[in-house]
Amino acid sequence: LYVNGLRVTDSQGSTDGLTTSEPTVGWSYDPSTSTLTLTNAVITKGGGSYGAAIYWTGGDLAIELVGANTVDADFDFPIFYKADTNDRALTIKGPGQLNVNGGIYHEYSTGEGKIAIVDGAVIKTTEISGLGDVIISDSTVITDGSGWARIYYEADNTITNSYVVAKSDDGSGI
């Protein structure tokens, strides 16, 4: 796990002793639950293999949102999740907000993974894409960007009790 340019865990999950940011950045990581908590965070530095502001490779990862959070990096997908095997999940949960200047991407080696946006999360991004399922439940998701589909997954999309806007300059959405 890389957050704001800092290596938090290695590929086996050991924390290297770093589980919280400087107070002005606003994140913490709980290795026992694989949960990254963003609390009014402003994350702007890239790290990891792709230069993403939040980059994770391995098992499941939960991102818990508290307050208003911003993620931005000089990369098309400032949040990049690369699962090690099938059926891994990136779960983004509320009740906070997340503004991503760029996209959220989920990749996996084999099988299908998923991204779940749940529990009152409010997300604004240019794109959510990947190769598995997308689940949006009890949340708000707004994607607005250029190019084709703004919410794109090659498996199932499930939206329950949520407000979702997915638009692009070419008219495609989900």
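The coordinates are above.
Described in the following lines is the structure provided in the data block. Just so you know, these numbers come straight off a predicted model, no measurement behind them.

**Remarks on the overall build of the protein**
- From N to C terminus, the protein includes zero helices and 20 strands.
- A burial count over the protein gives 46% of its 174 residues as buried.
- Once local pairs closer than 6 in sequence are excluded, the contacts in the protein between residues at least 24 apart make up 51%.
- Total accessible area on the protein stands at roughly 7700 Å², and carbon and sulfur atoms take up 46% of it.

**Things to note about the nonpolar core**
- Core analysis: the largest hydrophobic core is formed by 36 residues, its most contacted members being Leu38, Ile43, Ile54, Ile63, Ile92, Leu98 and Ile104.
- When near neighbours in sequence (up to four residues on either side) are disregarded, Ile92 contacts Ile63, Leu65, Leu98, Ile104, Ile115, Ala116, Ile117, Val118, Ala121 and Ile123.
- Core analysis: the second largest hydrophobic core is formed by five residues, Ala52, Tyr55, Phe80 and Tyr105 among them.

**Remarks on the pairing of strand E13 (residues 114–118)**
- Extensive coverage of E13 is indicated by the burial of four of its five residues.
- Note that strand E10 (residues 89–93) and E13 share five bridges and pair parallel. Bridged to Ile92 within E13 is Ile117.
- The pairing of E13 with strand E16 (residues 133–137) spans four bridges and is parallel. For Ala116, the partnering residue across the bridge sits in E16 and is Ile135.

**Focus: the packing of aromatic side chains**
- Here the structure, examined in full by the defined rule, presents five aromatic pairs.
- On the numbers, 5.9 Å between centres and 25° between planes, the contact of Tyr55 with Phe80 is stacked. Residue Tyr55 is found in strand E6 (residues 54–58), and its partner Phe80 is found in strand E9 (residues 79–83); the two are separated by 25 residues along the sequence.
- Using a relative accessible area of 5% as the deciding quantity, one classes Tyr55 as buried.
- Consider the rings of Phe77 and Tyr105, whose centres lie 5.1 Å apart with planes at 45°: the pair is tilted. Residue Phe77 is found in the loop between strand E8 (68–72) and E9, and its partner Tyr105 is found in strand E12 (residues 103–108); the two are separated by 28 residues along the sequence. Here the two residues Phe77 and Tyr105 agree in accessibility, since each one is buried.
- An aromatic cluster is built from Tyr2, Tyr55, Phe77, Phe80 and Tyr105, whose rings are joined through pairwise contacts.

Calculation notes
Counting from 1, residues in each chain are numbered in the order their sequence is written. This being a predicted model, a pLDDT of at least 70 is required before a residue's local features are given, and a value of 80 or more before pairs of side-chain atoms are given or counted; all residues contribute to the totals for chains, interfaces and linings. To obtain the side-chain values, all non-hydrogen atoms of the structure were used and water was disregarded. Going along the chain from the N terminus, every DSSP run of H or I of four or more residues is numbered as a helix, and every run of E of two or more is numbered as a strand. Each residue's exposure class comes from its accessible area (1.4 Å probe, protein chains only) as a fraction of the maximum for that residue type: buried when under 20%, exposed when over 50%, partly exposed otherwise. Note on contacts: a residue pair qualifies if any of its non-hydrogen atoms lie within 4.5 Å across the two residues. The Shrake-Rupley method, run with a 1.4 Å probe, gives the accessible areas here. Residue values count only the displayed protein chains as cover. Throughout this description, the term nonpolar core refers to a set of buried Ala, Val, Leu, Ile, Met, Phe, Trp, Tyr and Cys residues connected via side-chain atoms within 4.5 Å. A pair of strands is labelled paired if DSSP reports no fewer than 2 bridges between them. Here is the rule: rings of Phe, Tyr and Trp (six-membered ring for Trp) pair when centre to centre is within 6.5 Å. Planes less than 30 degrees apart are stacked, more than 60 are edge-to-face, and the remainder are tilted.

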